[in-house]
Amino acid sequence: MKTKWQWRLVSIATALISSAFIAVIVVAVARTNQLSSQTETENSMLIFSLLGVAPSTQPSSSPSTAPSISSVPSLSISPSFSPSISSPPSQQPSKSTSPKSSSPPSLSIAPSEVPSRATSTHPPYSLTPSQQYSLATSTSILFSQQPSATPSVSSLVTSVSSAPSQLPSAVPTITAQSPTYKPIKPSQPPSDTPSVSLLDTSISSTPSSTPSSTSSSTPSHQPSEVPSLAAQFPTYKPISYVYQTSGTSRCSRDNENNWQGPTPTLDNTVLQFFAFGDSPYDGDANTCIGTDGLPQNPCTRYDCTKINTLQKFNTCTYKGPQYLCLKNKIIPYMNDKLTNGEAAFALHIGDIIKGQKPNKRCSAASFESRKTLFSQCPNFLIVPGDNEWNDCVGYDINSNSDEMRELWRDTFANELSPFHQFSNDFPSGVGGDRPNIIRQESNPENLFFTYNGVGVFGLNQPAGENYIENRSPFDINAQWIEDNLDEKTCNLKSIVLFGHTNPSSEVNAKLLNYYNACSTIPTLVINGNDHPSTYCMKKADNRLTLTVEAFQSGPLLVSIVHDTDGYHFFHVQDKDFVDSNDSCPDLSQMTD
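**Topic: the pairing of strand 5 (residues 269-276)**
Extensive coverage of strand 5 is indicated by the burial of eight of its eight residues. Where strand 5 meets strand 17 (residues 556-562), six bridges bridge the pair, whose relative direction is antiparallel. The residue bridging L271 from the neighbouring strand is I560, located in strand 17. In terms of strand pairing, strand 5 meets strand 8 (residues 345-348) through four bridges, oriented parallel. Bridging from a neighbouring strand, A275 pairs with L347 of strand 8.

**Topic: the packing of helix 8 (residues 476-484) against helix 9 (residues 505-517)**
One can describe the packing of helix 8 onto helix 9 by two numbers: an axis separation of 8 Å at closest approach and a directional angle of 15 degrees. The orientation of helix 8 with respect to helix 9, classified from their angle, is roughly parallel. Classified by chirality, the crossing of helix 9 by helix 8 is right-handed. On helix 9, the residues touching N477, A478, I481 and E482 of helix 8 are E506, V507, K510 and L511. The residue makeup of the contact of helix 8 with helix 9, split by class, is four nonpolar, one polar and three charged.

**Considering the sheet that holds strand 17**
Spatially, five strands are ordered 9-8-5-17-18 in an open sheet, and the strand pairing comes out mixed. In this open sheet, the two edge strands, each paired with only one partner strand, are strand 9 (380-382) and strand 18 (568-574). Strand-to-strand twist of the sheet, defined as the mean angle between neighbouring strand axes without regard to direction, takes the value 25 degrees. In this fold helix 4 (residues 321-339) packs onto strand 5 and strand 8, with an angle of close to 175 degrees to the strand it touches most, strand 5.

**Looking at the pattern of salt bridges**
Tallied over the entire structure, the rule returns twelve salt bridges. In this structure, K337 engages E342 in a salt bridge whose closest nitrogen and oxygen atoms are separated by 3.4 Å. Accessibility expressed as a relative area gives 10% for K337, which makes it buried. On the accessibility criterion, E342 (11% relative accessible area) is buried. Here R471 makes a salt bridge to E465, at a shortest N to O gap of 4.0 Å. Take E465: its relative accessible area is 48%, and that puts it in the partly exposed class. What you see here is one network of salt bridges that share partners, running through D254, E256 and K538.

**Section: unusual backbone geometry**
Going from N297 to P298, the amide bond is cis rather than trans, its omega being 5 degrees. K357 connects to P358 through a cis peptide bond whose omega is -5 degrees. Counting through the fold element by element, P358 comes out in the loop between strand 8 and helix 5 (364-374). The backbone phi angle of D282 is positive, close to 55 degrees, even though this residue is not glycine. With respect to the secondary-structure elements, D282 resides in the loop between strand 5 and strand 6 (288-289).

**A short note on the nonpolar core**
Across soluble globular proteins, nonpolar side chains have a tendency to be buried as a group. Counting residues in hydrophobic clusters, the biggest one holds 36 residues, and the most contacted among them are F345 and I526. Other than its neighbours up to four places away in sequence, F345 contacts L271, Q272, F273, F274, L338, N379, L381, F422, F426 and F449.

**A short note on the environment of C362**
With respect to the helices, strands and loops of the structure, C362 is situated in the loop between strand 8 and helix 5. Leave out the neighbours within four places in its chain, and C362 touches K312, I353, F367, N387, E388, C392 and M404.

**Quick notes on helix 9**
Its 13 residues place the ends of helix 9 19 Å apart at the C-alpha level, agreeing with the 18 Å of an ideal helix rising 1.5 Å per residue. The complete set of buried residues in helix 9 reads V507, L511, Y514 and Y515. Angular distribution of buried residues about the axis of helix 9 spans 100 degrees; they occupy a single face of the element. Opposite its buried face, helix 9 presents the exposed residues S505 and N516, each directed more than 90 degrees away.

**Structural notes on the confidence of the model for the protein**
Per-residue pLDDT for the protein has a mean of 75; in total, 63% of the residues score no lower than 70. Contacts from residues 56-127, a stretch scored under 50 in pLDDT, to residues over four places away or in other chains number 128 contacts. Considering only residues more than four positions removed or in separate chains, one finds that residues 129-236, a stretch of pLDDT under 50, has 161 contacts.

**What about the state of the cysteines?**
Evaluated as defined, the whole model comprises six disulfides. At a sulfur-sulfur separation of 1.9 Å, the disulfide partner of C288 is C299. Handedness here is read from the sign of the S-S torsion; for C288 and C299, about 90 degrees, the answer is right-handed. Of the two residues, C288 sits in strand 6 while C299 sits in the loop between strand 7 (295-296) and helix 4, which places them eleven residues apart along the sequence. C299 shares its class with C288; the two are buried. Here C490 is linked by a disulfide to C518, with a sulfur-sulfur distance of 1.8 Å. Where C490 bonds to C518 through sulfur, the torsion about that S-S bond is close to -75 degrees, and the disulfide is left-handed. You can see C490 sitting in the loop between helix 8 and strand 13 (494-498) and its partner C518 sitting in the loop between helix 9 and strand 14 (523-527), a full 28 residues away along the chain. For C490, a relative accessible area of 29% corresponds to the partly exposed category.

The rules behind the values
Along every chain, residues carry numbers that run from 1 in the direction the sequence is written. Confidence filtering applies because this is a predicted model: local features only for residues at pLDDT of at least 70, side-chain atom pairs given and counted only at 80 or more, and all residues used for totals across whole chains, interfaces and linings. Note that the side-chain values use all heavy atoms of the structure and ignore hydrogens as well as water. Between buried and exposed lies partly exposed: a residue is buried under 20% and exposed over 50% of the maximum accessible area for its type, with that area taken using a 1.4 Å probe on protein chains only. Comment: elements are numbered from the N terminus, with helices defined as DSSP H or I runs of at least four residues and strands as E runs of at least two. What makes two strands pair is DSSP finding at least two bridges between them. Here the axes come from fitting lines to C-alpha atoms, over the contacting stretch only for helices, and the angles between their N-to-C directions go from 0 to 180 degrees. Roughly parallel covers angles under 35 degrees, roughly antiparallel covers those over 145, roughly perpendicular covers 65 to 115, and oblique covers all other angles. Take the far helix as the reference: if the near one is turned anticlockwise from it by less than a right angle, the crossing is left-handed, and if turned clockwise, right-handed. The contact criterion used is simple: two residues touch if any of their non-hydrogen atoms lie within 4.5 Å. Three categories are distinguished: nonpolar for Ala, Val, Leu, Ile, Met, Phe, Trp, Tyr, Cys and Pro, charged for Asp, Glu, Lys and Arg, and polar for the others, with Gly belonging to the last. Counted as salt bridges are all cases of a side-chain nitrogen of Lys or Arg within 4 Å of a carboxyl oxygen of Asp or Glu. Side-chain atoms within 4.5 Å are what join buried Ala, Val, Leu, Ile, Met, Phe, Trp, Tyr and Cys residues into a set we call a nonpolar core. One less than the number of residues in a helix, times 1.5 Å, gives the span that helix is expected to have. The directions from the helix axis to the C-beta atoms form the arc being described. What pLDDT reports is the predictor's confidence in each residue, on a scale of 0 through 100. The definition used for a disulfide is geometric: two cysteine sulfur atoms within 2.5 Å.

What follows is the structure, encoded as structure tokens:
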């Protein structure tokens, strides 16, 4: 049995052995913590370098339990080292949301740019809460396996790219080397397309709208605001090659919408020309040529307004408001367009003086005054109306000729007339050059020419009974159509017929024969006589009928256009929308 002192010695020895063992453990743990803290600090330095966060001289705001890093080794990184990430970071998620990783962006480090160890002393770092969160996330991933040496470049890449969407807002933006943009779909075309003349190159377009950015917790390679590409890739409304009823133009006779063809452009226009008629009348204008051969206004030689007492061979010229409107406004406007290549010619559908039966206004003086007026316009064509043809004093319905008809032909159709042939070339935009006008030998007022597949007929078809349609052994107009429509070659793509009234049934029969032999091609009939305050455009199958306005109304610009298959359509532009039959429009002040 042991004594009391022996037990005391055993207790003291046991206590010493235990204290020594505990001391050894404490020393070992302290050494391990020192090595771990040093390695962790070095790798934290690398993280700060990659993130571009500079050390702060302010005391650290980190909790007191965090390890002290007041003196840590420095990491030396080559100045040329610049990590490149393929897309900017999206918004930082809330701390309550677990970070989600995306595919690693590209990070390029040359072998010579691998950070090397160096010893240096840095002041404490000052981190915002968001930076602390980002650093803690990155470090926890870096040291999950406690590397014993300098971490590899591949591990650094993984650590930096593991949560790109959570980089703090204070971190400088890293510019993408190859940004990618979401394609913008073309916008829907507008509902209406403005009319475009032959030389009008302005085409309105609607830019595509930029897609709005949508917030998401999932990292995205899409920039928050996509630059609009509308300026680089404008969208235009494709031309619809069909006839539609116009919502802005109505026929004054029945108040129904006019039919309208496709809009002319620089690429689809075949031919453009002006059409007007029933002007000037000026039956109440007392102007004439005096006995001295000079104009008189007012006329003292006669009273030109009293038609019933006026002698047959008078010198009244009837230069009133309508005449002056044509001279000072309408013809200069057409001349400007003809000169600029926006039209090829102008046509008049007849009635150049006021009518009355028998009409004593038919005279060499009145015809000469209209010749002087119309000759101001190049490439001018005209056919007779009843006021200056079958209404004239001395008209013989049983004959194809009389004094007044021959006077009309000499003034407006025969070889010595300025209107016998075109004087100027057509616009280069539709092919240039000028077609040869063929005139019927017995009736030179009837004309025909072709241009770009369009056959144009001018026909003598006045209102009322006349020799051509009612007394001749055959319909002279119908014979003229048959003589010039070649059913063997079928070389026409469209036909235009202009006259004072609609074609006769015999003319329509000749057209039908051509359709049956070749094909049913588009046909435009232009007439007048009805004096609508706004023009009328009617459609029946392949035929469209255009009735022009009268008196002081502005001319209509008629365009023939083709689609991609070469099929022809007719388009009408009325610059003077209002009823201006009784007021002269200032067309130069109106927009096209």
